[in-house]
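# Chains, contacts and geometry: an overview
Spelled out, the chains give:
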Amino acid sequence: MTVNLSARGYRIWVCKPGEDESTGLEVTQACSGASEGFFLATDEQISETGILRTTGKLSLQIPIAWTGESFSSWENPERWAIGNHVIVKVADQSKSLRLHPRSHLFILKDPIPPYPGNPQIELSLGDALVLLDFRQPDDDKSGIEFGTNTPRTDIIATLLETVGLEFNGSVEQYPLNYPIPKTQASYIKQAGAVAIGGLRGLWVDKQGVVRAQTINLKPAKRLFKQTIGVNDADGFTPAQGGERPAPLVKVSGTGYVVSATNDQGRTVSEEYLPRESIVEGAGAAKTLAVRTIETWGWSANLRVRQISEEKARGLLIDNGFYEQLGFKPDGSPYALRPSKTSIETSVYEQSEEGRLNKVIEKSREPRGVVLRDYYLSNPPDNNPGFLSMMNASEATTSYQYKSGTQTKSIAKTRLEPLGKIAGKANNWSESLGSPDPLFTAETSRQEWTEVNKGEWEEKEKLQQAARVSTGSIAAFLSLATVRDRTTTSRSGESQPPAANTRKPKQNREEKQYEGEAKFKPLTGADFSPRERTYQFDYLTSEEQADKLAEVFGQLLKCRHQGFRVMSDFNDSWFSYHPMSRLDVEFNGAIYLGLTDSVTWTLANDQTFIVADCMRVGRTAGASDSYPAEPNPDPAATTEQPIIPLQRLILKATGAIALSGSATHYPIAKGIALPPISALGGFGFGGKALRLRAAFGGFGIGGRSRRSYGAKGAIGFGGRATIDQPVVSGLASGLVGAWTFDTNFNDAIGNSHFTNIGGQAIAPGWIGNAAVFNGAGYLTQPSNSAVSIGDRDCTIALIYSHRGGARPLLHKGTDALEVEYYLYTTSGNAFRFARGGNILNGTPLISGQTYLIICWHSFADDQMGFEIRNMNDGTTSTDQRDQLDPYAAYGLDSPMQVGKNHTTLMLQNTSYIDALHLWHRVLTSAERDELYNGGIGNEYPF
């Protein structure tokens, strides 16, 4: 094979750091051309590791008359070193060379050099997730602050950045609020564990960017079509999975519960005296004389302790003074007034369990305590309430450290009022309101030096100012050295005192989370029941554990009846991502599959792939044509797609109970139900959600939502079953559906969006979504399908909020002529507007994803909305009559996503997914079906 011939289909380079295909060594001519493939790269299946690695090999043979660089890893080690980049380009259908989907691979180990007995060199290859997956320090690189919810997206980006990788993905569910421990692992494995807890897997695209793939088993719009005939045995092979599905799937994992440190409190003590001890002859009734209030607690990195003392004024200054002013013994002079307040503030470093930086002590006292006799002889002319507090002293002690918590020096400064002067000479009233400045009264400093090991030298210096007790001295009194000494100790007495460290702001308590999911047993499973347990790190709730059990149980089920397809490489594969949909037509039926692992092969002058697929459903099909996109007609379905999962109540127990109990298990939608048993009884107030089969019982006050079938009215122990699968009615009245999985087009009509400013398609909540860059939007001209006018309508979308005032969906000409406008305010509150009618919602949380459903009922002239947090299920609703009917407002305006009538656009990295528009009002049950237990739902439902 010549270079020119092979270059028509592919070209391969081996590059040292800093090189690309323009400067690297091209090895295309050396490709050995083995029939099984000289280039092989295989993607791993998704697993509980959360990492979808790619590994492979490249076989090379020194060309005849080769005069270029040496192929020997001994003679030319820089070219064949671990970590060198291998670039692969393949020809598309127009014969243009493009990067292969697995073109960001690296050499993983030193190759054995060619020798006479084996003239080949074989390179072991892997992507960046394999190359950088080695033991790393146990340092916490998660970037999480205790007690602060951090999105898993940010944690993964921080961990991958630590090893030099870029992350472009979204893992919004189940944020973490504690630093995540890492032992005996790499930051790659840690990032994978964080991702899988959010139902995502990490993989590397052909640009070397790490992305997050949603583990979404709902068969979204296909990327690849593959038609296999009856005689094409080499192209399509049923492949039963290596692991049998389990009727019971369990999840076990470790997480933490974070709570604030309980280090705060308040105490109050009170002392009473007989009134006769205060005012002679006043009687023996008790009067509150002293109250002491002590409070303490943490605020950020400060610990504050305050002691306030309150006394009756009569105890500060004798009652003779009050009597001169005309106060009666039983009057206000005996009310409590502050007499002294002491505040001690300890300042710690910002880090968790940081060292003590300094201690500030302050005290305040009333002026009357300072010069009691002067106050008595020079009373103010007005109310004696001018016994205001004054700063009496302030002392600051600062700490410096040598290393760790070892103290290096302590410095203390004490301030007091100069002479404790309360007023100007013989004129008390002129001093009212004037400040009492503090002056330096004392400084001391202690320093420690380690002369030798275990031998310390301590230096101490004390300076004080002259003290004035009376008078009105205004001169500055300088400090004078009072004590200056040095002490050396070999016995350790003069070692620096150990530094205090702050208590953690949060306590972290380890918790074991467990979840499970039950599935219909396989035939014969009753004779060999089987359980499967998965282990996960960084769990946050039992609900999360249940969700993981559902998904991984479904993975087992889908793999069990999979298939394998071998196909020529076509242009569709350039946009491949893990778990893409790949369907085959075989024996008159279409099998819906999701790629589970793919082997990419170059052999001779061919490029082809072998894909192992998980079977997620089957539909009727024609042998001479393929059904229309995006999915076959549900009415022609012979087997419903396996998911979305529906939670069904399979067992309920009653008896005469005031509140019934129910156990619910996940099971595949459309699959026949296993035997169901129930005990009848008088269920007072019992409640069942998504009841697929209802049983008898005297249900007084009970209610069931989404009851699909029932037999027996007042049936005591009666039993009902469902014979036919339930088909969703969400398609009824649907006039626009934009899934944003592969483009911005309408999946059911012609209301296609034009992309202004280059919005991207990237992983969203259900498959892909439209991701906005902050400088563009989607738009389409007005037409009857996207207009509301005077008719019923419902608008639904999934929105990932990034904070602030942002437009989601807008159709109108200006601020008032608005046919519909969905947006958030600067305070993050959601609003739904039509003309002059505006509904307000509770604030959305930045970093959270929401299902937003808005509707207008023409018959009732009402508008309303329902918002569900996809992360935790919390719901916000509002509904009311329209105050400003405006049927024709904005009918001739474009429909815009991510922009309003001004220049305001949707913030960078926000995404919108599963946008739908109906010309009818959805029922509560249908809104539940869109929410789908937090999984979400989109056309074709």
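Not measured: the values here are computed from a predicted model.

### Topic: the environment of Leu288
With respect to the helices and strands, the residue Leu288 is situated in strand 15 (residues 286–299). Residue classification places Leu288 among the buried positions, given a relative accessible area of 16%. Residues Leu288 and Glu270, 18 residues apart in the sequence, show an inter-C-alpha distance of 7.1 Å.

### Some thoughts on the environment of Asp154
Relative to the helices and strands, Asp154 is located in helix 3 (residues 152–162). Sequence-wise, Asp154 and Gly143 are 11 residues apart; in three dimensions their C-alpha atoms are separated by 8.3 Å.

### Description of the sheet that holds strand 48 (residues 895–897)
Read from one edge of the open sheet, 7 strands run 36-39-48-41-42-43-44, paired in antiparallel fashion. A single partner strand is all that each edge strand has here, and the edge strands are strand 36 (754–756) and strand 44 (837–843). Here the strands of the sheet are splayed against their neighbours by 15 degrees on average, with no regard to which way each runs. With 4 bridges joining them, strand 42 (residues 818–824) and strand 43 (residues 829–834) adopt antiparallel strand pairing. What sits directly across from Leu822, in strand 43, is Phe832.

### Notes on the layout of surface pockets
Space inside the largest pocket adds up to approximately 930 Å³. The wall of the largest pocket is formed by 40 residues, among which Asn168, Arg211, Ile761, Ala762 and Pro763 lie closest to the centre. Breaking the lining of the largest pocket down by element, the ones donating at least two residues are helix 3, strand 10 (210–214), strand 37 (760–763) and strand 38 (768–771).

### Brief notes about the nonpolar core
One recurring pattern in soluble globular proteins is that nonpolar side chains are buried together. Formed by 41 residues in total, the largest nonpolar core has its most connected members in Leu58 and Leu60. Excluding residues that lie within four positions of it along the chain, Leu58 makes contacts with Ile12, Val27, Phe38, Phe39, Val86, Ile121, Glu122, Leu123 and Leu125. With 33 residues, the next largest nonpolar core counts Leu809, Phe832, Cys854 and Val897 among its residues.

### As for the pairing of strand 9 (residues 200–204)
Buried residues dominate strand 9, accounting for 5 of its 5 residues. Alternating residues of strand 9 divide into Arg200, Leu202 and Val204 and Gly201 and Trp203, and every residue in both groups is buried. By the bridge criterion, 5 bridges tie strand 9 to strand 10 in an arrangement that is antiparallel. Note on strand 10: the bridge partner recorded for Leu202 is Ala212. Here strand 9 folds back onto strand 10 in antiparallel fashion, the turn holding 5 residues, of which Gly208 has a positive phi close to 85 degrees.

Definitions and cut-offs
Per-chain numbering applies: the sequence of each chain, read as written, is numbered from 1 onward. The predicted nature of this model means local features are confined to residues of pLDDT at least 70 and side-chain atom pairs, given and counted, to a pLDDT of 80 or more, with totals for whole chains, interfaces and linings taken over all residues. Processing note: side-chain calculations cover all non-hydrogen atoms of the structure and skip hydrogens and water entirely. The secondary structure listing takes helices from DSSP runs of H or I that are at least 4 residues long and strands from runs of E that are at least 2 residues long, numbered from the N terminus. Working definition: with a 1.4 Å probe on protein chains only, accessible area under 20% of the residue-type maximum means buried, over 50% means exposed, and in between means partly exposed. At least two DSSP bridges between two strands are required for those strands to pair. Axis angles are defined between N-to-C directions and span 0 to 180 degrees, where every axis is a line fitted to C-alpha atoms and, for a helix, only to the segment in contact. A pocket here means an open set of points on a 1 Å grid, computed over the protein atoms alone, that has protein on both sides within 12 Å along at least five of seven lines. A cavity is instead a set of points where a 1.4 Å probe fits but cannot get out; residues with an atom within 4 Å of a point line either one. Grid points are joined across faces, edges and corners, and a volume is the space filled by probe spheres set on the points. The nonpolar core is taken to be a set of buried Ala, Val, Leu, Ile, Met, Phe, Trp, Tyr and Cys residues, with the residues joined through side-chain atoms within 4.5 Å. Contact criterion: two residues are considered in contact whenever any of their non-hydrogen atoms come within 4.5 Å of each other.

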